2 protein chains.
Amino acid sequence: MNSKKSNRGDEVKNRLSADLTQTDIATPVRSMHRRQFLKTGAVVAGTALMAGGLGPIAARAASTKNNLPPNTPEWMLKQGHPIVTPPYGVPSKYESDVIRRPTDLTPTDISSWSFTPLQDLHGIVTPNGLVYERHHAGVPAIDPAEHRLMIHGMVDNPKIFTVEDLKRFPAVSHFYFLECSGNTLTEWVKPKGKTVQSTHGLLSCCEWTGVPLSTVLQEVGLKHGASWLLAEGADAAALDRSVPISKALDDAILVYAQNGEALRPEQGYPLRLLLPGFEGNMSVKWLRRIEVGDKPFMSHEETAKYTDLMPDGKARILTFVMEAKSVITSPSGGHRLHDKGFHEIRGLAWSGSGRISRVDVSVDGGRNWRRAELQGPVLPKCLTRFRIPWEWRGKEAILQSRTMDDTGYVQPTLKQLVAVRGTHSVYHYNAIQSWHVAADGEVTNVHA
Amino acid sequence: MNSKKSNRGDEVKNRLSADLTQTDIATPVRSMHRRQFLKTGAVVAGTALMAGGLGPIAARAASTKNNLPPNTPEWMLKQGHPIVTPPYGVPSKYESDVIRRPTDLTPTDISSWSFTPLQDLHGIVTPNGLVYERHHAGVPAIDPAEHRLMIHGMVDNPKIFTVEDLKRFPAVSHFYFLECSGNTLTEWVKPKGKTVQSTHGLLSCCEWTGVPLSTVLQEVGLKHGASWLLAEGADAAALDRSVPISKALDDAILVYAQNGEALRPEQGYPLRLLLPGFEGNMSVKWLRRIEVGDKPFMSHEETAKYTDLMPDGKARILTFVMEAKSVITSPSGGHRLHDKGFHEIRGLAWSGSGRISRVDVSVDGGRNWRRAELQGPVLPKCLTRFRIPWEWRGKEAILQSRTMDDTGYVQPTLKQLVAVRGTHSVYHYNAIQSWHVAADGEVTNVHA
């Protein structure tokens, strides 16, 4: 142990005082195979560097407008904005088009929804300002100090918790997607959405932090035979849904933070339920009450709404899991390819049943498929970004993605989906999406 | 293959039409060991549920103020705010204290810095509005359509790229921390920062998306012997730093997006360099120029600034890596424990050399240590959230965290750090942080 300690001490000391100029910090390049993706980067001739190019700002310390190279951009000629303007930062004014957009299908903007601009996003995180919305009676303005969560019913010890009480429990943080069961509802019969924002934008992904619901249920003690609970929100709709106790004890979370900071008002501030992989409306926002029982509560939202009308006239009910689905976000509806040659096809895949195991991409409407690369870490019940190179030759193409999850479930074609479900359903549409690329580069939504 | 296909077809069909009411979806609880963390959740008597408690909203559909239970909160009595108000969402007004705060050490707010409120954050993601700032000449307002990146010097094919050019290259997304080399600079001699925001808040973590710098360097072709590059920003300071080519070809990224959306202006919009694990100022923002050479460029920022003055009067230079470091964020300076009993100690650990392998926590100033739980996924050069339970008995305590990374590096004590570096350094302070908990629950910054 002593020698080990002493070695560790030396290691610390060495690292603390390392003189990096003496180390092999920069190994010169011996040879490098040159590879060209683009023809578009402008080639710079030697002289252009000093004249019309973006020359080095040579005499920077003493520089004036007169001794700066030509083409020095105007924003280098003056000091920029000070820090903390504003203290809570906002996007560049040049990004003012990257916003949530409302549906045009609802007569009110209170019981309505707005879409995440997936065509403008990268990676897997949805920034909090762009997380999609679905409200049944608008967004309540809740004072967190006044908010309470009551847990009662088939429990040993019914309790009322403040938000501060809940924050004291052992916490967890996980990245999970959230998808409205009605996402892509316009696409059952005809291709209607113009952009991926309108076809698939009831979908977002955040890092959620809170206390596992199982911890709090252990605190109150479940009675023998408890098998369902009812979760109720503190909005004017008092939206409520039944949740199987197996889910509650598995990965359900009482969430108070998203992407590091407090939940946003439209995401349930100060407290929401989160049921990873289940349809979004069950992750009840502004959570105020959990009642434990021994059967589904058959609320309005799971009988009159959020059911799937099948071809035989019966309705599937309590269809919780959002099954595997994927969509290409770039290029996608509303985009236009300006150049032939290299393009990277990018998209998102997700499954409420587990991890994405594979995404295949077709550029010929499903005749041939190539396997896309998945960006790690690939997390369960989380968006997964996929990418695959594509050489566009300036001809018509139909782009599709098809995903599989680690349960073996394969995303269906539209034909497969409709063969089973018919076209009277609203919810749980997860068919393969097709984007048509015209010879002039215009990208549009098609059924193929 | 045929039978496999047919099985898969059946599986898809079954899953598409599953009637979940017929499945074993909710297994009743048989018995559950009750466990109590808190004494604080208010116990509810049976009658209170219907009277003074948070009773069910019984006749919701036809409800008026008169038939609602008492104590129904005011926000359930009226419709809430409509969707997309605003289209780009903002935090609750009750969170107005969760903001970046400026330093009081600089005479100007142009060449200055602001801190991330780590004491209010959860998980590992820093929301874009709260990412710390460090500018040398303020934030330039750059039109992305006018912005260019030139790569020249020891390359076969000098080129000028637009931002759109760079977005067409194959992309990557990674979660990485970013830390100013001056983070915790106030703590060398005396404990000065009142909160973890002021001691450690020059630290943030985002999901960054862009094109690997290696890809673009392959595009221009590096000449034999190339071993360093200079990266220069398009701010009025034209901040520039030398980067070893080994780093450029390893994990450096030309970044255009953070946490899903475009870079924020104060993070380098529309384009920045990102050097994972290196001191923040080297991840040059508003990146306009990369010059390739065969030795360090010895810019102002790496000779006059960003060097570490050692006890012998010599200065370490080119000290790039932010070594392993950790801090407890809750409870931390400025907090007050109101109750004895269970508390979860929470904090962050990170290392510019790789993955966090371990965090130990002491509540007695370093005499005894217990191993904390790390929240997965534990990613390289990324913040890692750690948590450990603590039973506070209402007595004085000194809380410390000590991390180790997967290279075996152990975060030093202040004594170890000062023994090697002395106290004339400004940058690269990574000693163990101590928080003193008084008998009355007040938490303050101490050296221990």
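Scoring rules and cut-offs
- Residues numbered from 1 in each chain as written.
- Chains lettered and ligands numbered in written order.
- Predicted model: local features only at pLDDT ≥ 70, side-chain atom pairs only at ≥ 80, totals over all residues.
- Helix = DSSP H or I, 4+ residues; strand = E, 2+ residues; numbered from the N terminus.
- Buried ≥ 20, exposed ≤ 12 C-beta atoms within 10 Å, placed from the backbone.
- Contact = placed C-beta atoms within 7 Å.
- Domains from an automatic or database assignment.
- Nonpolar A, V, L, I, M, F, W, Y, C, P; charged D, E, K, R; others polar.
- Least-squares fit on C-alpha atoms with pLDDT ≥ 70 in both.
- Pairing = 2+ DSSP bridges.
- pLDDT = per-residue confidence, 0-100.

A. Region of interest: the overall build of chain A. Scanning chain A from terminus to terminus reveals 8 helices and 25 strands. Of all 448 residues assigned to chain A, the portion counted as buried reaches 53%. Partitioning the intrachain contacts of chain A with sequence separation of at least 6 by distance along the chain shows that 69% fall at a separation of at least 24.

B. Looking closely at the interface of chain B and chain A. Tallying the contact residues gives 154 residues for chain B and 154 residues for chain A. It is helix H1 (residues 2-17) of chain B that contributes the most residues to the side of chain B that touches chain A, 7 residues altogether.

C. Examining the domain arrangement of chain A more closely. Residues and elements named next belong to chain A. Here chain A is described as being made up of domain 1 (102-316) and domain 2 (325-446). Put simply, the middle of domain 1 and the middle of domain 2, counted by C-alpha atoms, are 27 Å apart. On the domain 2 side, the residues contacting the 30 residues of domain 1 number 28 residues. Only strand S7 (172-179), helix H4 (196-200) and strand S15 (308-309) provide two or more residues apiece to the side of domain 1 that touches domain 2. Residues that form the side of domain 1 that touches domain 2 fall into these classes: 17 nonpolar, 10 polar and 3 charged.

D. Fine view of the environment of Val378 of chain A. All names here are of chain A. Secondary-structure assignment places Val378 in the loop between strand S21 (373-374) and strand S22 (384-392). Since 18 C-beta atoms lie within 10 Å of it, Val378 is described here as partly exposed. Considered as a pair, Val378 and Trp350 are 28 residues apart in the sequence and their alpha carbons are 9.9 Å apart. In this structure Val378 touches Arg355, Ile356 and Thr384, once residues within four positions along its chain are discounted.

E. Up close: the relation of the copies chain B and chain A. Take chain B, turn it by 180°, move it 0.0 Å along the axis, and it overlays chain A with an RMSD of 0.0 Å. In short, the pair behaves as if placed about a two-fold rotation axis. Taken together, the interface assignments show that 100% of the residues at the interface of chain B recur at the interface of chain A, consistent with an identical surface on both copies.

F. Structural context of the sheet that holds strand S21 (residues 373-374) of chain B. Residue and element names in this part refer to chain B. Read across the sheet, 4 strands follow the order S17-S18-S22-S21 without closing on themselves; strand pairing throughout is antiparallel. Every interior strand has two partners, whereas the edge strands, strand S17 (325-330) and S21, have only one. By the bridge criterion, 5 bridges tie S17 to strand S18 (residues 341-350) in an arrangement that is antiparallel. Each bridged residue has a counterpart across the sheet, and for Val327 the counterpart in S18 is Leu348.

G. View of unusual backbone geometry. That bond from Thr85 of chain A to Pro86 of chain A is cis: its omega, 0°, falls within 30 degrees of zero. The omega torsion of the bond from Ser330 of chain A to Pro331 of chain A falls at 0°, within 30 degrees of zero and hence cis. For Pro331 of chain A, the location among the structural elements is in the loop between strand S17 (325-330) and strand S18 (341-350). Positive phi is not limited to glycine here, since Lys381 of chain A has a value of about 55°. Secondary-structure assignment places Lys381 of chain A in the loop between S21 and S22. Even without a glycine there, the phi angle at Trp286 of chain B is positive, about 50°. Mapped onto the elements, Trp286 of chain B comes out in the loop between strand S13 (272-274) and strand S14 (287-293).

H. Structural detail: the sheet that holds strand S3 (residues 112-115) of chain A. Taking strand neighbours across the sheet as the criterion, the 3 strands line up as S2-S3-S4 (chain A) in an open arrangement whose pairing is antiparallel. Two strands in the sheet have a free side with no partner beyond their single neighbour: strand S2 (101-102) and strand S4 (133-135) of chain A.

I. Inspection of the environment of Leu374 of chain A at higher detail. Residue and element names in this part refer to chain A. Along the polypeptide, Leu374 turns up in strand S21. Each C-alpha atom, one on Leu374 and one on Asn157, is 46 Å from the other, the two residues being 217 residues apart in sequence. The residues contacting Leu374, other than those within four sequence positions of it, are Ile356, Val359, Thr384 and Phe386.

J. Quick peek at the environment of Asp406 of chain B. Its location among the elements puts Asp406 of chain B in the loop between strand S23 (397-405) and helix H8 (414-421). Setting aside chain neighbours within four positions, we find Asp406 of chain B in contact with Gly354, Arg355 and Ser357 of chain B.

K. Local environment of the pairing of strand S3 (residues 112-115) of chain B. Residue and element names in this part refer to chain B. Burial along S3 is two-sided: Ser112 and Ser114 and Trp113 and Phe115, pointing in opposite directions, are all buried. As paired strands, strand S2 (residues 101-102) and S3 are joined by 2 bridges and run antiparallel to one another. Looking across to S3, one finds that Pro102 is bridged to Ser114. Two elements, S3 and strand S4 (residues 133-135), share 3 bridges in a ladder whose sense is antiparallel.

L. Fine view of the pairing of strand S24 (residues 434-437) of chain B. Residues and elements named next belong to chain B. Direction of pairing for S23 relative to S24: antiparallel, over a ladder of 4 bridges. Bridge pairing in S24 places Leu399 opposite Trp435. Pairing of S24 with strand S25 (residues 443-446), which is carried by 4 bridges, proceeds in the antiparallel orientation. Each bridged residue has a counterpart across the sheet, and for Val437 the counterpart in S25 is Val443.

M. Structural view of the confidence of the model for chain A. All names here are of chain A. Here chain A averages 90 in pLDDT, and 86% of its residues register 70 or above. In the model, residues 20-24 has pLDDT below 50 throughout and makes 7 contacts with residues more than four positions away in sequence or in other chains. Every residue in residues 58-65 scores below 50 in pLDDT, and together they form 5 contacts with partners more than four places removed in sequence or on other chains. Across the assembled chains, the prediction reports ipTM 0.92 with pTM 0.92.

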